[in-house]
Amino acid sequence: MKAFLPLWKRELQAFFLTSIGPVVAAFFLLITGTHFWLLASRLAQGPADGGLTAAFFGSPVFWLAMLVASPLLTMRLFAEEYRSGTMESLMTAPVSETEVVLAKYAGACAAFLLLWLPTLSYPFVLELCGARLPPLDWGAMAAGYLGTALIGASFLALGLLCSLFARHQVVAAIASLTLLGLLLSLGSVELPARLDSVRHLAPVLSVPLHMADFRSGIVDSRAVTLHLSATVLLLFTSIRILEARRLR
């Protein structure tokens, strides 16, 4: 794994030194910051079930941020290599498929975590500005960020796999967004009667239901295991596909 660190640095530089990185970061922080401020203003007028943490991590804006960030962070990982013609030189270099996949994935994960890191300061910034915030449940907030990291890890692994199959960034982003949208709809869409045998699996696989537990301060080992297993499986699949293409 000697090539892992240089490849990881290469991915981070590609994100922050191109226009996509600052644009994604600015859009993400603008949306989440404005939404947090509006929630705090509303909850300051009266209590609500679950408090500020539950409202923030369970809102449609939270899922919009997740749906936008994940495809944008992963769409270029392999699709841009194919488009620019650097994929062939990368695969003929003395690096393994495992190093390439894990380095690209680690770069996307690092960028994802860096996007969420400034949101930790939102309550303190609002208090410095004189906002009257409702009491925060720090345990529930920690669980909410843990759930965000776990769900983001599986989302990014799926986006990486989509980028591996696509030849253009836009195609990779659309494919990832479509699959993630279908995944988020599990548990909320009524299945036909002929699918009764698998209907009981929908709540188990429902990402919004997993996040509902996390934002309430409940860390369910089943949800943790599911997202970690999905991440490992998707990365393993990407490595095997890349190995098969290298052998052609």
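Use the structure listed above.
Let us look at the structure shown here. If you're wondering where the values come from, they're calculated on a predicted model, not measured in any experiment.

## What about the pattern of salt bridges?
In this structure the tally under the stated criterion is five salt bridges. Among the salt bridges present, the one from Glu 11 reaches Arg 76, with a minimum N-O distance of 3.2 Å. One end of the pair, Glu 11, is in helix H1 (residues 4-16); the other, Arg 76, is in the loop between helix H4 (60-74) and helix H5 (79-84), with 65 residues separating them in the sequence. By the burial criterion, Glu 11 is buried, and Arg 76 matches it. Through salt bridges with shared partners, a single ionic network connects Arg 10, Glu 11, Arg 76 and Lys 104.

## Some thoughts on empty space enclosed by the protein
Applying the stated rule across the entire model yields four cavities of 30 Å³ or more. A volume near 60 Å³ is recorded for the largest cavity. Lining of the largest cavity is provided by Glu 11, Leu 12, Phe 15, Leu 73, Arg 76, Leu 77, Gly 107, Ala 108 and Ala 111. Looking at side-chain class alone, the lining of the largest cavity contains six nonpolar, one polar and two charged residues.

## Regarding the environment of Ile 31
Among the secondary structure elements, Ile 31 is positioned in helix H2 (residues 20-43). Judged by relative accessible area, Ile 31 falls into the partly exposed class, the value being 25%. With 30 residues separating them in the primary sequence, Ile 31 and Val 61 have C-alpha atoms 7.6 Å apart.

## Let's talk about the layout of surface pockets
Reported here for the largest pocket is a volume of approximately 220 Å³. Along the wall of the largest pocket there are 13 residues; nearest its centre are Ser 154, Leu 183, His 227, Ala 230 and Leu 234. Elements that contribute at least two residues to the lining of the largest pocket include exactly helix H9 (138-165), helix H10 (169-184), helix H13 (207-215) and helix H14 (221-246). With five residues, H14 is the single largest residue contributor to the lining of the largest pocket. Taken together, the residues that form the lining of the largest pocket break down as 10 nonpolar, three polar and no charged.

## Examining H4
Its 15 residues give H4 an end-to-end C-alpha distance of 22 Å, which sits within 8% of 21 Å, the value for a rise of 1.5 Å per residue. For H4, the complete set of buried residues consists of Phe 62, Trp 63, Ala 65, Met 66, Leu 67, Ala 69, Ser 70, Pro 71, Leu 73 and Thr 74.

## Focus: a nonpolar patch on the surface
A surface patch of nonpolar side chains, about 500 Å² in accessible area, is lined by Phe 16, Leu 17, Leu 114, Leu 117 and Leu 120. The exposure class of Leu 114 is partly exposed, given its relative accessible area of 42%.

## Focus on the packing of H9 against H13
For the pair H9 and H13, the least separation of the axes is 7 Å and the interaxial angle reads 155 degrees. By the angle between their axes, H9 is roughly antiparallel relative to H13. Seen from H9, the contacting residues are Ala 140, Ala 143, Gly 144, Leu 146, Gly 147, Thr 148, Leu 150, Ile 151 and Phe 155; seen from H13, they are Val 207, Met 211, Phe 214 and Arg 215. Within the contact of H9 with H13, the residues separate by chemical class into nine nonpolar, three polar and one charged.

Quick notes on the rules
One numbering rule holds for all chains: residues counted from 1, following each sequence as written. This being a predicted model, a pLDDT of at least 70 is required before a residue's local features are given, and a value of 80 or more before pairs of side-chain atoms are given or counted; all residues contribute to the totals for chains, interfaces and linings. Excluding hydrogens and water, the side-chain figures rest on all heavy atoms present in the structure. What counts as a salt bridge is simple: a side-chain nitrogen of Lys or Arg found within 4 Å of a carboxyl oxygen of Asp or Glu. For the purposes of this entry, the term helix denotes a DSSP run of H or I that reaches at least four residues, the term strand denotes a run of E that reaches at least two, and both are numbered from the N terminus. Here the term buried applies to any residue with accessible area under 20% of the maximum for its type, exposed to any over 50%, and partly exposed to those in between, with areas from a 1.4 Å probe on protein chains only. In this analysis a 1.4 Å probe is tested at points of a 1 Å grid over the protein atoms alone, and where it fits but cannot get out there is a cavity; an open set with protein on both sides within 12 Å along at least five of seven lines is a pocket; lining residues have an atom within 4 Å of a point. Grid points are joined across faces, edges and corners, and a volume is the space filled by probe spheres set on the points. Gly counts as polar in this scheme, as do all residues outside two lists: the nonpolar Ala, Val, Leu, Ile, Met, Phe, Trp, Tyr, Cys and Pro, and the charged Asp, Glu, Lys and Arg. Each residue after the first adds 1.5 Å to the expected span of a helix. The patches reported here contain residues having more than 30% relative accessible area and no salt bridge. Joining distances are 9 Å for like charges and 5 Å for nonpolar side chains (Val, Leu, Ile, Met, Phe, Trp, Tyr). Per-residue accessibility takes into account occlusion by the displayed protein chains alone, with areas from the Shrake-Rupley method and a 1.4 Å probe. Note on method: axes are straight lines fitted to C-alpha atoms, helices fitted across the in-contact stretch only, with angles between N-to-C directions ranging 0 to 180 degrees. Throughout, the term roughly parallel applies to angles under 35 degrees, roughly antiparallel to angles over 145, roughly perpendicular to angles from 65 to 115, and oblique to all others. Residue contacts are counted whenever heavy atoms from the two residues lie within 4.5 Å of one another.

Remember that the coordinates give geometry; whether it matters functionally is a separate question.
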